[in-house]
Every structure is written in structure tokens, then in C-alpha cells.
Amino acid sequence: MNKPGLNLSDTLTLIIHEIIKQTEEFRLFDINKILVCCSSNRAGGRGGIYGKLVPLRFENGSGIIKHRGIYYTIPKVFLNNTEILYIIYFYMPKFFDLSAEGKIDVIFHELYHINPGFNGDIRRMGNFKKAHGHSKKNFDEQYKEFSDEFYKYIRNTPFHDFLEMNSNDLKKTFSKVTWRRIKTPRPVPLNRN
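Now for a look at the structure at hand. Quick caveat: nothing in here was measured; it's all calculated off a predicted structure.

**A word on the layout of surface pockets**
And then number 1: Taken as a whole, the second largest pocket holds about 190 Å³ of empty space.
And then number 2: Around the second largest pocket, the lining residues are Lys52, Val54, Pro55, Arg57, Phe58, Ile74, Thr184, Pro185, Arg186 and Pro187.

Dropping the structure here:
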């Protein structure tokens, strides 16, 4: 007999909340301003992405940017009357087919992209390759110790059973598997009258 339905976005939000509580580097982060969503990508094959972070502000947390003489803004996203500063997407089935430790590494990777000041901007790692800096490997090394430490912690919680499941396990175990979907907000020209 299958267990009741499971919302992947809500479960991942709870795990991210635990990460924020347990990881000094992320203590300024407010889980209420991070929206966790899932999206689909094809199974199999090499490459592809497991997750992505979408910041809802520009550099230094600005709500407006000027590009080629035109001002742009990103439409505001609200959940429970709280303005969202970041959306994190996890991809089905690729993310869910990772090992439990692999899933934790991806979550930490996306969280490490968040600006340490939690202002809606990304953590800027360089002048040209702002997101990862000169090397993705170097970027990953910045949070690896935090990720490993958290994985040791979460192995002793009920969340570990969830993290151990792959996409097929989830479908077999739960009567219904759902997740939050939202179209990625894009910058729009700002009308200035």
C-alpha cells in the first residue's frame, strides 16, 4: 500500500531550512524568502543540470538595472504576503536520481550562489564569470566542508530516507508526487513616465 501524497517542493524546503539552521555560512538566509520549485528535464544522458538558482534582484540587491539605455526590473513574486528574493529549481528526474549525498551537494551548490548579505543578488565570484568565478571546481570547494558536515548530520534524521529515494522510488512509494511549478521570472522593461 502506497503512502499518502508527497510534495517535493515542501520536503526540499524543510531540508533547506535545516541546512540554514545548521550552517553558519547561511545563517542570514530567510527560508520564507526562498521559493523551492521543481521542473522537468530528460532522463539519461550525460550533462544537463540538476538545479539552478534564480535571483530576483540585480547587483547589490538593486530592483532596477540599466542596460543599453533601457531600465529593467524583475516582476516581484510573493508567497503568503512575503516577497521572494530567490527561486531554487530542482530538476526531475536528474536531481532526484542522484545519491543522497549528491542531492545535498547540489542543494549546497545552489545555496552558495546566494549573496551572503541575502539581498536578492548572487554571490559574485569574479569580474567576468560572476556566478562561479574562474573555476567551477574552486567554487565547489568553497562549500564542500559545509556540505560534508551537514550530510553527516542529516543521515541521522528522517529526511535521509527521502534523500535515498530516486525518482522511481518516489513514484512507487507515494500515491501522488507533486511539486511547485513557476515560470522563471525574467527582467522586463520599466516604464518611466
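From this point, things continue past the structure.
**With respect to the pattern of salt bridges**
And then number 1: Enumeration over the complete set of coordinates arrives at 9 salt bridges.
And then number 2: As a salt-bridge pair, Arg27 and Glu24 come within 3.3 Å of each other at their nearest N and O atoms.
And then number 3: Taken together, the shared-partner salt bridges connect Asp105, Lys144 and Asp148 into one network.

**Some details on the sheet that holds strand E5 (residues 70-73)**
And then number 1: Pairing within the open sheet is antiparallel, and its 3 strands lie in the order E4-E5-E10. Of all strands in the sheet, those bounded by a partner on one side alone are strand E4 (64-67) and strand E10 (188-189).
And then number 2: In this structure, E4 lies alongside E5, joined through 4 bridges in antiparallel fashion. Within E5, the position partnered with Ile65 by the bridge is Tyr72.

**Concerning the packing of helix H1 (residues 8-22) against helix H3 (residues 136-154)**
And then number 1: Where H1 meets H3, the closest approach of the two axes is 11 Å, and the angle between their N-to-C directions is 115 degrees. When the axes of H1 and H3 are compared, the crossing they make is right-handed. Contact residues: H1 offers Ile15, Glu18, Ile19 and Gln22, while H3 offers Phe150, Tyr153 and Ile154.
And then number 2: Taken together, the residues of the contact of H1 with H3 sort by class into 5 nonpolar, 1 polar and 1 charged.

The rules behind these values
- Numbers given for residues are sequential positions, taken from 1 along each chain in its written order.
- The model is predicted, so local features are restricted to residues of pLDDT at least 70 and side-chain atom pairs to those at 80 or more, both for listing and for counting; the totals for chains, interfaces and linings are taken over all residues.
- Side-chain measures were taken over the full set of non-hydrogen atoms in the model, leaving aside hydrogen atoms and water.
- Definitions used throughout: a 1 Å grid over protein atoms alone; a cavity as a set of points that fits a 1.4 Å probe which cannot get out; a pocket as an open set with protein on both sides within 12 Å along at least five of seven lines; a lining residue as one with an atom within 4 Å of a point.
- Grid points are joined across faces, edges and corners, and a volume is the space filled by probe spheres set on the points.
- Salt bridge, as applied in this entry: a Lys or Arg side-chain nitrogen positioned within 4 Å of an Asp or Glu carboxyl oxygen.
- Should DSSP find at least two bridges between two strands, the strands are taken to pair.
- The secondary structure listing takes helices from DSSP runs of H or I that are at least 4 residues long and strands from runs of E that are at least 2 residues long, numbered from the N terminus.
- Interaxial angle, 0 to 180 degrees, is taken between N-to-C directions of lines fitted to C-alpha atoms, where a helix line uses only the stretch in contact.
- In this scheme, a crossing is called left-handed if the near helix is turned counterclockwise away from the far one by less than a right angle; it is called right-handed if the turn is clockwise.
- Any two residues having at least one pair of non-hydrogen atoms within 4.5 Å are treated as being in contact.
- Lys, Arg, Asp and Glu make up the charged group, whereas Ala, Val, Leu, Ile, Met, Phe, Trp, Tyr, Cys and Pro make up the nonpolar group; the residues left over, Gly among them, are polar.

All quantities given are derived from atomic positions and should not be read as evidence of function.
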